[in-house]
Amino acid sequence: GRWDVSMGREVRGKRLAIIGCGRIGGRVALIASRGFGMEVVTYDTRALCIDEVNEKYGVREVMPSFRAAVEEAAFVSLHIPAKLENNGYINAQTLGFMRKDAWLVNTSRGSIIDEGALFDALSQEQLAGAALDVFQVEPYLPQDTHKDLRSLSRVLLSPHVGSSTREACARVARRALRNIELARKGDYEAMDLVSATRAEQ
């Protein structure tokens with residue numbers, strides 16, 4: 001019997017920092033820049049050509065560091081791999097570089113965020129909020145029972161389903177069948193192979 005008005009926040013014209021501009025990060029940048037009219041910047045440990053990522057994904061600027069990328073960003077989206085050196089990449093220090101009204105989005109891997117540090121930042125209002133599809137332990141279990149992200153109102157949690165659509169699952173199945181057929185023919189070069197170089201992309 002009540003009509004409680006909830007105010008949203010437009011993304012148009014806001015700065016989005018893409019951390020890791022590989023295939024997925026690049027697609028997110030493309031959708032955000034050309035679809036939603038966001039100002040997209042990126043930081044990647046690999047050397048990126050600004051002309052190339054601008055033309056391909058609508059990225060306005062390649063930043064020299066994580067800090068430079070996130071300092072003025074209203075939204076930060078993580079797209080880095082779960083390599084050993086990336087464990088806890090988002091921690092108390094890196095969270096401290098972000099604006100207090102910024103949102104952190106993680107659809108990559110749970111291990112790259114120190115969940116305790118994120119809980120502290122959110123509960124102390126050092127961040128506006130977080131949207132998480134991946135976690136250190138899945139299904140989600142807090143690393144510290146006193147720092148349960150589910151207890152915070154400014155956290156959106158989903159159970160690692162960011163890519164779970166009928167169409168995406170069908171594409172994965174078709175690629176798997178294609179790889180089996182290519183393997184039977186001995187055409188290994190044409191297969192979707194994971195190598196150290198490709199995994200970093």
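This text goes with the structure placed above it.
Described in the following lines is the structure provided in the data block. (Residues numbered from 1 in each chain as written. Predicted model: local features only at pLDDT ≥ 70, side-chain atom pairs only at ≥ 80, totals over all residues. Heavy atoms only, no water.)

## A look at the packing of aromatic side chains
What counts is decided by this rule: Here the aromatic set is Phe, Tyr and Trp, taking the six-membered ring for Trp, and pairing holds for ring centres within 6.5 Å; pairs whose planes are under 30 degrees apart are stacked, those over 60 apart are edge-to-face, and all others are tilted. Accessible area is worked out with a 1.4 Å probe on protein chains only. A residue is then buried under 20% of its type maximum, exposed over 50%, and partly exposed in between.
If you walk through the whole model with that rule in mind, you get two aromatic pairs. Where Phe135 meets Tyr140, the ring centres are 5.1 Å apart and the plane angle is 55°; that geometry is what we call tilted. For Phe135, a relative accessible area of 7% translates into the label buried. For Tyr140, a relative accessible area of 11% gives the class buried.

## Quick look at the sheet that holds strand S3 (residues 59-62)
Counted only if it meets this: We treat two strands as partners when DSSP finds at least two bridges between them. For helices the rule is a DSSP run of H or I covering at least 4 residues; for strands it is a run of E covering at least 2, with both sets numbered from the N terminus onward. Orientation is described by lines fitted to C-alpha atoms, with helices fitted over the stretch in contact, and by angles between N-to-C directions that extend from 0 to 180 degrees. The contact rule is simple, with two residues in contact once any of their heavy atoms fall within 4.5 Å.
Read from one edge to the other, the open sheet built from seven strands follows the order S3-S2-S1-S4-S5-S6-S7, with strand pairing classed as parallel. Sheet topology places S3 and strand S7 (155-157) at the edges, where each strand pairs with a single neighbour. On average, each strand axis in the sheet is inclined to that of its neighbour by 20°, with strand direction left out of account. Summarising the sheet, strand S2 (residues 39-43) and S3 pair through three bridges and their orientation is parallel. Among the inter-strand pairings, Val40 is bridged to a residue of S3, identified as Val59. Seen against the sheet, helix H1 (residues 23-36) touches strand S1 (15-19), S2, S3 and strand S4 (75-78) and runs at an angle of roughly 170° to S1.

## A word on the side chain of Ser77
Keep this limit in mind: By the criterion applied in these results, polar contacts are pairs of N or O atoms within 3.5 Å in which, for protein atoms, one can donate a hydrogen and the other can accept it, and in which residues neighboring in sequence qualify only through two side-chain atoms.
Of note, Ser77 is situated in strand S4. Reaching out from Ser77, the side chain makes a polar contact with the side chain of His79 at a distance of 2.7 Å. Setting aside residues no more than four positions away along its own chain, Ser77 makes contact with Leu16, Ala17, Ile18, Ile19, Val28 and Val105.

## Quick notes on H1
Note the following rule: An expected span of 1.5 Å times one less than the residue number is assigned to each helix. The arc under discussion is defined with respect to the helix axis, by the directions toward the C-beta atoms.
The end-to-end C-alpha separation of H1 is 19 Å, in line with the 20 Å expected for 14 residues at 1.5 Å each. When we look at burial in H1, the residues that qualify are Gly25, Gly26, Ala29, Ala32 and Ser33. On an axial view of H1, the arc spanned by its buried residues comes to 130°, and they lie on one face. Structural note: H1 exposes Arg23, Ile24, Arg27 and Gly35 on the side pointing more than 90 degrees away from its buried face. Structurally, H1 contributes buried residues whose contacts are with S1, S2, helix H2 (50-57) and S3. Following H1 by one or two positions, Gly37 has its phi on the positive side, about 70°.

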